[in-house]
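The lines below spell out each chain.
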Amino acid sequence: MIDAFAKPELRDLVRNFTRREIVPHLGDWERAGEVPRDLHRRAAEVGLLGIGFPEEVGGEGGDLIDSIVVTEEIIQSGGSSGLIAALFTHGIALPHIVAGGDRDLIDRFVRPTLRGELIGCLAVTEPDGGSDVAGIRTTARADGDQYIVNGTKLFITSGARADFATTAVRTGDGLKLLVIQGFTVTRTLEKMGWHCSDTAELSFVDVRVPRGHEVGGIHTLLAHFAAERLSLAVQCYATAQRCLDLTLAWVRDRHTFGRPLASRQLVRHRLAEMARQVDVARTYVRHAARRVASGELLVTEVAMAKNTAVAACDHVVDQAVQLHGGLGYLRDAEVERHYRDARIMGIGGGTTEIMNEIIAKQLGV
Amino acid sequence: MKIVVLVKQVPDSGADRNLRSDDNTVDRASASNVINEMDEYAIEEALRLQEAHGGEVVILTVGPDRATESIRKALSMGPDSAVHVVDDALHGSCAVATSKVLAAAIAQQGADLVICGAESTDGRVQVLPHMIAERLGIAALTGARKLTVDGTSLTIERQTDEGYEVVTASTPALVSVWDTINDPRYPSFKGIMAAKKKPLQTLSLGDLGIAAGEVGFDGATSTVVEHSKRPPRQAGNKIDAGDDGGSKLVEYLASEKFV
Ligand SMILES: Cc1cc2nc3c(=O)[nH]c(=O)nc-3n(C[C@H](O)[C@H](O)[C@H](O)COP(=O)(O)OP(=O)(O)OC[C@H]3O[C@@H](n4cnc5c(N)ncnc54)[C@H](O)[C@@H]3O)c2cc1C
């Protein structure tokens, strides 16, 4: 069987890029609370930002499988899910603009973002609720050929650095997505993990937006959730794989009572269980991803994929910290960062409970 | 200007490397193979020249079938095409024989400029650039840390232990480079996709007019008789920080000519 995910050249490129351009600086970016704009330009130069976007809009071509390979390889080479969130926010901010097809918007927002010159974000969640997307309160009132937007968005990834926000708003004609520039960053939020990824509260006060900036409605929004959820699922099993790798190296090295940890049956069985969960998650998520990449509209399986991968990740990062002992609790230990970063996975992009609601609905209950 | 860049596939110097127990040649089958590191600098230099002066960049590799991986990787950095000399009779070739094959292939290409790495990380003999230039009757500008091209005139800064020498020649010529010369680019995603479609010509010894007996074990001018693993690293000298610790340390450093 040909492995669609093999892609040795792409993996090589991403591994080299991660080791040279990301790993040496990640600690600094975690402390700074954000990644520098320069990183976006560098990633764009080698084509990483444009992967999965068609060449007609300034992308590099390639499909969902290529994007997944990039995500896997960044994390498994020493990057992190937080880094992915920060550097690839355009993966959730741009697809709606691309799908809308407006040349002017593509030239002004999509191309420069894929060149690493602009940063975009996706603003859906509000202080009053995130899971209930239909309950959005930010309003856009039509005024001639403009909308006047008022409201607040919370937990917006890359919001503090963003030049524009693809924003979900309520209009007289239902929920719409608008590309908006004139918002204010009211707060940068401090978090448990994902420290290198800035998260912001955005305020919109009488922001005037041309009506031409409309790039779809609730269906567009929901349609692109699949890719976001799959990406998070990939981050989960890649993080788990990385933690397993780090733990394997550690237990071979670490001796207690005169023997390597790896020689203890209890430890060996824990490692086996970690490996099993990683492999099951990877296999299932990749399977769902292949179906989505070939054009199927999957919702339930994507929800199952996310929950499967989140559970595997939660288990493995916890075990990784435990097997590292005291070191695993220190800021310098990579597993400590993954442990904190992993906690968002069952919350962002639709919570585990919301995924289960989707699955239950499919079951007819 | 037509630039031919020599690219060799070598076992990854960061991983475990071995010679084969049956015939004392480099074990390429079980190793994880990569582009010889110095060759990436040669490719980069060729691409920069092409960007500045136009022309064509061709990759040339002598090696087994699996060297194709490295050729595709080299092409993904940007060169236009590649030539791969592959022939079972090449197995066991010495540097002299390899230089004959490379020189024949370069001559067939009609290269104005040949760029290669100053050494390969497996053999490390550093003689191929000179041998090839000698066979072709062209100038060898070796060990460059800088290369400038002005029409048909080439100038390099030749890296030495003490500093550098300025050496000039005119094309056709061969330049070998050290890793101080540039910072090789990453192959881009588009480059990776494009590399799959770039022309890759495969040549046999017959295509180059070379007889099997001139290369391989039969044609070798040197033979590896036996080999053994490097002895394991010895534990270092430990100097205790006692009363005379300082002077003992200085003595040791002086004896090793560090101070
Ligand atoms: C670091 C970070 C980055 C984020 N990035 C973005 C971003 O870029 N853009 C963006 O728009 N949003 C972003 N979010 C928001 C994220 O998508 C929401 O936090 C998430 O959707 C949950 O919404 P909520 O926080 O409002 O929780 P709530 O919806 O209030 O849910 C609270 C709890 O109740 C559960 N729950 C809710 N409804 C039900 C139900 N019907 N049945 C059972 N249980 C239920 C939930 O599962 C959860 O456990 C981000 C959040 C974080 C923390």
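As the structure is a prediction and not an experimental result, all values here were calculated from the model.

About the criteria used
Residues numbered from 1 in each chain as written. Chains lettered and ligands numbered in written order. Predicted model: local features only at pLDDT ≥ 70, side-chain atom pairs only at ≥ 80, totals over all residues. Helix = DSSP H or I, 4+ residues; strand = E, 2+ residues; numbered from the N terminus. Rg over C-alpha atoms; globule rule 2.2 N^0.38 Å. Contact = placed C-beta atoms within 7 Å. Buried ≥ 20, exposed ≤ 12 C-beta atoms within 10 Å, placed from the backbone. Domains from an automatic or database assignment. Near = placed C-beta within 6 Å. Nonpolar A, V, L, I, M, F, W, Y, C, P; charged D, E, K, R; others polar. Arc of directions from axis to C-beta. UniProt positions renumbered as here; feature names shortened; annotations may be inferred. pLDDT = per-residue confidence, 0-100. Pairing = 2+ DSSP bridges.

**With respect to the overall build of chain A**
Part 1 of the reasoning: The secondary structure content of chain A amounts to 13 helices and 10 strands.
Part 2 of the reasoning: In terms of C-alpha radius of gyration, chain A reaches 21 Å, essentially the compact-globule figure of 21 Å for 365 residues.
Part 3 of the reasoning: A separation threshold of at least 6 residues defines the contact pool for chain A, and within that pool the share at least 24 residues apart is 74%.

**What about the overall build of chain B?**
Part 1 of the reasoning: Across its full length, chain B holds six helices and 11 strands.
Part 2 of the reasoning: Expressed as lengths along the three principal axes of its C-alpha atoms, the size of chain B is roughly 70 × 45 × 40 Å.
Part 3 of the reasoning: Looking at chain B as a whole, 37% of its 259 residues qualify as buried.
Part 4 of the reasoning: Long-range pairs, those at least 24 residues apart, make up 71% of the contacts in chain B between residues at least 6 apart in sequence.

**A few points about the environment of A:G82**
Part 1 of the reasoning: Here A:G82 is to be found in helix α5 (residues 81-87).
Part 2 of the reasoning: Discounting residues that sit within four places of it in the chain, A:G82 has contacts with A:G193, A:W194, A:H195, A:C196, A:S197 and A:D341.

**Comments concerning the domain arrangement of chain A**
How big an interface is tends to be stated in terms of accessible area lost as the parts join.
Residues and elements named next belong to chain A.
Part 1 of the reasoning: Its domain assignment divides chain A into domain 1 (8-114), domain 2 (120-217) and domain 3 (219-362).
Part 2 of the reasoning: One C-alpha centre belongs to domain 2, the other to domain 3; they are set 30 Å apart.
Part 3 of the reasoning: At the interface, nine residues of domain 2 touch nine residues of domain 3.

**Remarks on the site of the ligand**
Part 1 of the reasoning: Surveying the vicinity of the ligand reveals 22 residues, the closest of which are A:V124, A:G130, A:S131, A:T351 and A:E353.
Part 2 of the reasoning: Along the lines of polarity and charge, the residues of the shell around the ligand split into 10 nonpolar, nine polar and three charged.

**Here we look at the interface of chain B and chain A**
Part 1 of the reasoning: Facing the 10 residues of chain B at the interface are 13 residues of chain A.
Part 2 of the reasoning: Of all the secondary structure elements, the ones that give two or more residues to the side of chain B that touches chain A are α2 (68-76) and α5 (189-195) of chain B.
Part 3 of the reasoning: At four residues, the largest contribution of residues to the side of chain B that touches chain A is made by α5(B).

**What about unusual backbone geometry?**
Part 1 of the reasoning: The amide bond that connects B:T171 to the next residue, B:P172, takes the cis arrangement and shows omega of 0°.
Part 2 of the reasoning: In this structure, A:S158 takes a positive phi of about 65° despite not being glycine.
Part 3 of the reasoning: As for its position among the elements, A:S158 is in the loop between β3 (146-157) and β4 (164-171).
Part 4 of the reasoning: Look at B:Q126: it is not a glycine, yet its phi comes out positive at around 60°.
Part 5 of the reasoning: For B:Q126, the location among the structural elements is in the loop between β6 (113-117) and α4 (128-136).

**Examining helix α8 (residues 103-114) of chain A**
All names here are of chain A.
Part 1 of the reasoning: Burial in α8 covers these residues: L105, F109, V110, T113 and L114. Projected onto a plane normal to the axis of α8, the buried residues spread over an arc of 115° and lie on a single side. In this structure, α8 carries R103, D104 and D107 as exposed residues pointing more than 90 degrees from its buried face.
Part 2 of the reasoning: At the exit of α8 stands G116, carrying a positive phi of roughly 80°.

**So, the UniProt feature "domain: Acyl-CoA dehydrogenase/oxidase N-terminal" (unreviewed entry) in chain A**
Part 1 of the reasoning: Per the UniProt record, "domain: Acyl-CoA dehydrogenase/oxidase N-terminal" (unreviewed entry) is annotated on residues 9-117 of chain A.
Part 2 of the reasoning: Secondary structure content for residues 9-117 of chain A is 66% helix and 0% strand, while the C-alpha to C-alpha distance between its ends is 26 Å.

**What about the UniProt feature "domain: Acyl-CoA oxidase/dehydrogenase middle" (unreviewed entry) in chain A?**
Part 1 of the reasoning: UniProt tags residues 121-207 of chain A as "domain: Acyl-CoA oxidase/dehydrogenase middle" (unreviewed entry).
Part 2 of the reasoning: Between the end C-alpha atoms of residues 121-207 of chain A the distance is 17 Å, and the span holds 0% helix and 56% strand.

**Describing the environment of A:G120**
All names here are of chain A.
Part 1 of the reasoning: Position of G120 among the secondary structure elements: in strand β1 (residues 120-123).
Part 2 of the reasoning: A sequence separation of 60 residues divides G120 from I180, and the C-alpha atoms of the two residues are 9.8 Å apart.
Part 3 of the reasoning: Non-local contacts of G120, meaning those with residues more than four positions away in its chain, are made with T89, H90, A93, L94, F109, T113, A162, D163, F164 and T166.

**A few points about the confidence of the model for chain B**
Part 1 of the reasoning: Residue-level pLDDT values for chain B average 92, and 100% of them are 70 or greater.
Part 2 of the reasoning: What the predictor reports for the complex is a pTM of 0.85 with an ipTM of 0.75.

**A closer look at the pairing of strand β7 (residues 199-210) of chain A**
Residues and elements named next belong to chain A.
Part 1 of the reasoning: In this sheet, β7 lies alongside β3 in antiparallel orientation, the contact comprising nine bridges. Each residue of the ladder has a partner; that of T152, found in β7, is S203.
Part 2 of the reasoning: The sheet contact formed by strand β6 (residues 184-188) and β7 spans four bridges and is antiparallel. In the strand pairing of β7, V185 is matched with L202.

**Some points on the UniProt feature "domain: Electron transfer flavoprotein alpha/beta-subunit N-terminal" (unreviewed entry) in chain B**
Part 1 of the reasoning: In the UniProt entry, the feature "domain: Electron transfer flavoprotein alpha/beta-subunit N-terminal" (unreviewed entry) is given for residues 23-212 of chain B.
Part 2 of the reasoning: Between the C-alpha atoms that bound residues 23-212 of chain B the distance is 18 Å, and the span itself is 30% helix and 29% strand.

**Overview of α2(B)**
Quick reminder: α-helices carry 3.6 residues per turn. Residues three or four places apart thus point the same way.
Part 1 of the reasoning: Within α2(B), burial applies to B:S70, B:I71, B:K73, B:A74, B:L75 and B:S76.
Part 2 of the reasoning: With its phi angle positive at about 140°, B:G78 sits one or two positions after the end of α2(B).

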